[in-house]
Each structure stands twice: as structure tokens, then as C-alpha cells.
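Coordinate analysis (summary)
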Amino acid sequence: MTHSPHGAYQSHGRRRASRAKKWTIVVASIAVLGLITAGVLNYLKIGPFSEKGKPVSFGQDQAQGGQAGGTDGAQPADSKVLMPTGPTAQFKNSSGTLADGTQVAVTTLDGKKSGFKGKVWVWAPKEYKDPKFAKSGFPVLIALPGGPGFPANYWMDDNLGLESSISKWYTEGKSKPFLLAMPILNPKPDTGGLYWDGSDIPGQPKMGTWLTEDVPDLMKANFRTIKSRDGWAFMGSSSGGFSGLKAVLKHPDKFKAVIASGPDIVPDSPLWKGHEKEKNENNPELLAKQLIAANKPGSDVYLAFQYGTKEKSVIPHVDKFIATYGNKGPVHTRLEVIQDGSHNAKTYVEGMGRGSIKWISDHMEGPVPAP
């Protein structure tokens, strides 16, 4: 609502001083209203007060060729750290500035390995720019949405609390200070019930390669990361939970953990029709069975499942998977049951804070502060 001063004007004389006083009050009120409006517009990301669309640097512009972001000539703290490799991506602010001064930014990634081009949102905790961590690598959490997964990834909106919660959990000793990569999950809207199962379905965009190769390469190019799989994990809800679960089981050499919330357990996209062999190669049940049978040293994966007690269609499938494959050989599982929880992102963030994020963090590498 907009307010403007109005009223009848009086004759000169004894009313002049009174009017002057009133105008002083009006001008002061307008100034205060302007400041309030500016704050509201910035909060709503509207107009000239918004930071949305402005360039964002995470220090990667100073970090190519083996130098740490934001420092001159810094070298890695140890051999576990991978300094930004470049090329530098063009990130733009997507949602203003969070309460702690951090920013969510977006870029359009032209995937060299998948051949797919799409948006990826990223976020770095405030610790990333802390001088004591200037030579340290940070773990990466690739966060995948459910639903259409296109044209946006809903985890980029901190109204769901993912970014601010990671910062809070870190200060509480529950979590590593994860970098977040939040790519689109599907190449098109889910018109007609289409989805791609986060996989390379023959004849379709290679969404499996996009998620497990191109998105990690973007993070390695622009951030200080951890070389080994000990610094790489997925999280996701619903179909995104399936995609993250499958990625970790399919590539245990690259990823160590996943938080799979309300996930599908088997691939069921209609696009698999006529491609049974490839479908089986992307089936978490078969992948878990193969991983257990091989039982190779260094292939341990940590699968943190979550569901709400109201998710009646999800519960039996997750329970069956855990009973069949959980805590056998290199496959380690944990289940977070969220009382009165439903099939939604808010429920899953709540569950993460209750134990899932700490469980995977305990098995992953994090940044090491300078002595």
C-alpha cells in the first residue's frame, strides 16, 4: 500500500508556522518510509534495490592455476585439497543476500561430457572465505529436487532452510560446511509424466553424466574442493532422492554418501521402454547387490534414508531395501523416521537436522583450519 500526504491548504498568517511544522513532519515521514521501502524491496528482490542478477565471485577469479580463492600465491594445505582448476564460470546472484551475508548464485553450464546445457545454482558457507580455511578444500553436497526438477531446483530457495541450516548445523558440530551444487534434474518439464531418472537413457539427454560428471567438474573448476570421494555426496527428495542414491551406488569411486529422502527405489521412467539392459544398470537394488558381492576395499558407501510417517507409499519400499541390502559389506545404511512428516522438502530438512547430516558428515572430509 502507498501512502501520500494530502489535505486542505489554509490562508497565510497565523497558520503559516503550523503548516511549516507539518511539512517538516511529512518530509521526515517520507524519508523514513523510503528507507523502509528500500529494505522491503531488497527483501523481495524487486527493483533497483535488488542484488538479483548481479555478478557473484566466490574467489575463483583469483584462483586458477593452483592458487586459492581470495589469496595471492596460496598453496593447498595438503595433498587432499584440489584448488580451483578453471575455467571461471559466470555466476549471478539469484536470490539476494542471506542473513549471514552469503549468496546463492546461478550459472548456465554447458556440459562438456553430457552434451547437455542447463542451469546450476551454487552456494558457499561463510567459512569458505574465512582466512583460516584459505588453503583448505570443502566438501560438496549435490542437492537434487523432486517433482519436475525443471526449470529450477527448489533447494536454491532458502525459505526451505537448506543453506541457513547447513550453517547452523556446522556451528553446532553436526555438519561439515558443505558447498552446495543445485542443478536442474530433468531436461524438460514433466508434461505427460516424463522424467529421466537422473540417468543416461538411450536416445535421451544424458542426465546421469550431467549429474555425476559435469556438475562436479563445475565445482572443481570454481571452488577449493577435496580430491577424493571423501568430499563428495548427494542429497535429494523423491525422484531426486532416487537419482542421488543411484549415483552413489553406481559410482562409489566418486561419491561416498547420500541423503535420500522419500525416494523412489527402482527406475520407472516410461522412457526406459525397450532398454531393459540400461535400465538394470541404473537400478539401486541391483547396484547394491553387485557392490556387496564385489566387496572391494575402499568402496564403502553411506546411505542415509529419510521418510515421514505419512508417506505410506514410500515406507515399504525403503524398508525392504534396507532389510535386504543395509549394513552388508560396503553398503552402510541409516534410517531417519520423521514423525508426522509428509512427502515435502521442509520435512526432509527437519530430518537432516535430527541426525542424517551428522551421520554422513562423520564419514566425510572437511576443511582443515590453518595452524
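Remember, it's a predicted structure, so these values are computed and weren't measured experimentally.

1. Structural notes on the overall build of the protein
Per the secondary structure count, the protein includes eight helices and twelve strands. Looking at the protein as a whole, 50% of its 371 residues qualify as buried. Taking contacts inside the protein between residues at least 6 apart in sequence as the whole, the part at least 24 apart equals 70%. With the model as given, the accessible surface of the protein reaches about 17,500 Å², and the carbon-plus-sulfur share is 56%.

2. Let's talk about the sheet that holds strand 11 (residues 301-308)
Taken together, ten strands build an open sheet; the order of strands is 1-3-4-5-7-6-9-10-11-12 and the sheet is mixed. A single partner strand is all that each edge strand has here, and the edge strands are strand 1 (55-56) and strand 12 (331-338). Of the strand pairs in this sheet, strand 3 (residues 91-97) and strand 4 (residues 103-110) are connected by three bridges, and their pairing is antiparallel. Its bridge partner being in strand 4, T97 is matched across the sheet by Q103. Contacts between helix 2 (residues 162-171) and the sheet are confined to strand 4, strand 5 (117-123), strand 6 (140-144), strand 7 (179-183) and strand 9 (232-237), with strand 7 contributing the most and set at about 160 degrees to the helix. Against the sheet, helix 8 (residues 345-361) makes contact with strand 6, strand 9, strand 10 (257-261), strand 11 and strand 12, and its axis sits at roughly 145 degrees relative to strand 12, the strand it touches most.

3. Some thoughts on unusual backbone geometry
With an omega of 0 degrees, the peptide bond running from G86 to P87 counts as cis. Looking at the secondary structure, you find P87 in the loop between strand 2 (81-82) and strand 3. Here the amide bond leading from F150 into P151 is cis, since omega sits at 5 degrees, within 30 degrees of zero. Structurally, P151 can be placed in the loop between strand 6 and helix 2. With phi around 50 degrees, N295 is a residue other than glycine that occupies positive phi space. When you line up the elements, N295 lands in the loop between helix 6 (284-294) and strand 11. We classify N295 as partly exposed; its relative accessible area is 47%.

4. Some points on the confidence of the model for the protein
With 82% of its residues at a pLDDT of 70 or more, the protein shows a mean pLDDT of 86. Within the model, pLDDT remains below 50 along residues 63-73, and this stretch shows 29 contacts once partners closer than five positions in the same chain are excluded.

5. Brief notes about empty space enclosed by the protein
Per the counting criterion, the structure on display carries two cavities of 30 Å³ or more. As a volume, the largest cavity reaches approximately 80 Å³. Around the largest cavity sit eleven residues that line it, and D78, K80, V81, G366 and V368 are the ones nearest its centre. Estimated volume of the second largest cavity: approximately 50 Å³. Partitioned by chemical class, the residues of the lining of the second largest cavity number three nonpolar, five polar and two charged.

6. A closer look at the nonpolar core
Among the nonpolar cores identified, the biggest contains 84 residues, and L303 and I360 are the most heavily contacted of them. Dropping the residues within four chain positions of it, I360 is found in contact with L141, F178, A257, V258, I259 and A304.

7. A few points about the pairing of strand 5
Buried residues dominate strand 5, accounting for five of its seven residues. Inspection of the sheet shows strand 4 paired to strand 5 by seven bridges, in the antiparallel sense. Opposite T108, over in strand 5, you have K119 as the bridge partner. The hairpin formed by strand 4 and strand 5 contains six residues between the paired strands, and G115 there has a positive phi angle of roughly 80 degrees. Direction of pairing for strand 5 relative to strand 7: antiparallel, over a ladder of four bridges. Bridge pairing in strand 7 places W123 opposite L180.

8. Focus: the packing of aromatic side chains
Across all of its chains, the model carries twelve aromatic pairs by this definition. Relative to Y325, the ring of F321 has its centre 5.1 Å away and its plane inclined at 50 degrees; by these criteria the two rings are tilted. Remark: Y325 and F321 occur in helix 7 (residues 315-325); sequence separation between them is four residues, near one turn of the helix. One aromatic cluster is present, built from ring pairs that chain together F58, F91, Y128, F133, F138 and F223. Note that K220 overlies the ring of W232, its terminal NZ or CZ placed 5.5 Å from the centroid. Sitting over the ring of Y128, R224 keeps its end group 4.1 Å from the ring centre.

Cut-offs and rules
Residues numbered from 1 in each chain as written. Predicted model: local features only at pLDDT ≥ 70, side-chain atom pairs only at ≥ 80, totals over all residues. Heavy atoms only, no water. Helix = DSSP H or I, 4+ residues; strand = E, 2+ residues; numbered from the N terminus. Buried < 20%, exposed > 50% of the residue type's maximum accessible area, 1.4 Å probe, protein only. Contact = heavy atoms within 4.5 Å. Areas by Shrake-Rupley, 256 points an atom, 1.4 Å probe, with all protein chains shown as cover. Pairing = 2+ DSSP bridges. Axes fitted to C-alpha atoms, helices over the stretch in contact; angles between N-to-C directions. pLDDT = per-residue confidence, 0-100. 1 Å grid on protein atoms, 1.4 Å probe; cavity = no way out; pocket = protein on both sides within 12 Å on 5 of 7 lines; lining within 4 Å. Points joined across faces, edges and corners; volume = space filled by probe spheres on them. Nonpolar A, V, L, I, M, F, W, Y, C, P; charged D, E, K, R; others polar. Core = buried A, V, L, I, M, F, W, Y, C linked by side-chain atoms within 4.5 Å. Phe/Tyr/Trp six-rings, centres within 6.5 Å; stacked < 30°, edge-to-face > 60°. Lys NZ or Arg CZ within 6 Å of the ring centre and 35° of its normal.

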